[in-house]
Amino acid sequence: MKETSKHELDRMDRNILRALQKDGRLANADLAKMVNASPATCHRRTQRLFDEGYIASVRAQIAPATVGLGALVMVGVVLDRSTPESFAEFEKAVGAMKEVLDCNLVAGDFDYLLKIRVRDMAGFNLLHGKQLIALPGVRQIRTFFVLKEVKDNAPLPF
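Residues numbered from 1 in each chain as written. Predicted model: local features only at pLDDT ≥ 70, side-chain atom pairs only at ≥ 80, totals over all residues. Heavy atoms only, no water.

Q: Would you mind showing me how to read a nonpolar patch on the surface here?
A: Together, Ile62, Val67 and Leu69 line one region of the surface with nonpolar side chains, adding up to about 250 Å² of accessible area. Inspection of the secondary structure assignment puts Ile62 in the loop between helix 3 (39–51) and strand 1 (71–79). (Patch = residues over 30% accessible without salt bridge, like charges linked within 9 Å, V, L, I, M, F, W, Y side chains within 5 Å. Areas by Shrake-Rupley, 256 points an atom, 1.4 Å probe, with all protein chains shown as cover. Salt bridge = Lys/Arg side-chain N within 4 Å of Asp/Glu carboxyl O. Helix = DSSP H or I, 4+ residues; strand = E, 2+ residues; numbered from the N terminus.)

So this is what it looks like as structure tokens:
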């Protein structure tokens, strides 16, 4: 998020955010009608929401199977040391892996929870054997193959 001063969100700002969260491709004129504002006002407010970091990005959500990435795998990782240096080294290495969609430092049984997309189980086996177990500081990996995505990337409830 950008380091700028933020203003308090009013109803129109929230409506703009909700509409764009549902459909980031909305034309400004259509968005303005939806939030009951002039196109100029809507554009100015939307730009401010971008500038102040309320809108992180706008992008297309690709159907994974259509590009050969039908297998979703969640991986719990335990590091052998809990030091800032070992965390930083692990995070840098994971950041360079294109298969890792999300990496979160978590509390509980694991240090990190990874969300990984691969073609299939054989693709994950290759990734596991060549890259995951070789990540710096890894002591243990627990793998969970997702059988069904019930809810993914839902809109934020605000």
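Q: Would you explain the nonpolar core in this entry?
A: The nonpolar side chains of soluble globular proteins are, as a tendency, buried together. Within the largest apolar cluster, 19 residues are counted, with the highest numbers of intra-cluster contacts made by Val75, Val77, Phe90, Leu114, Ile116, Phe124 and Leu132. Considering each element in turn, this core owes the most residues, 5 residues, to strand 1. Dropping the residues within four chain positions of it, Val77 is found in contact with Phe90, Phe110, Asp111, Tyr112, Leu114, Val138 and Gln140. Core analysis: the next-biggest nonpolar cluster, separate from the first, contains 13 residues, Ile16, Leu20, Ala32 and Cys42 among them. (Core = buried A, V, L, I, M, F, W, Y, C linked by side-chain atoms within 4.5 Å. Buried < 20%, exposed > 50% of the residue type's maximum accessible area, 1.4 Å probe, protein only. Contact = heavy atoms within 4.5 Å.)

Q: Help me out: how do you make sense of the sheet that holds strand 3 (residues 112–118) in this one?
A: Strand pairing in a sheet is mediated by backbone hydrogen bonds. Such pairs are either parallel or antiparallel. Spatially, 2-3-1-4 is the arrangement adopted by the 4 strands of the open sheet, whose pairing is antiparallel. Every interior strand has two partners, whereas the edge strands, strand 2 (100–105) and strand 4 (138–145), have only one. When the angles between neighbouring strand axes are averaged without regard to direction, this sheet yields 20°. Sheet topology note: the strand 1/strand 3 ladder contains 7 bridges and is antiparallel. Across the sheet, residue Val77 finds its bridge partner in strand 3, namely Tyr112. (Pairing = 2+ DSSP bridges. Axes fitted to C-alpha atoms, helices over the stretch in contact; angles between N-to-C directions.)

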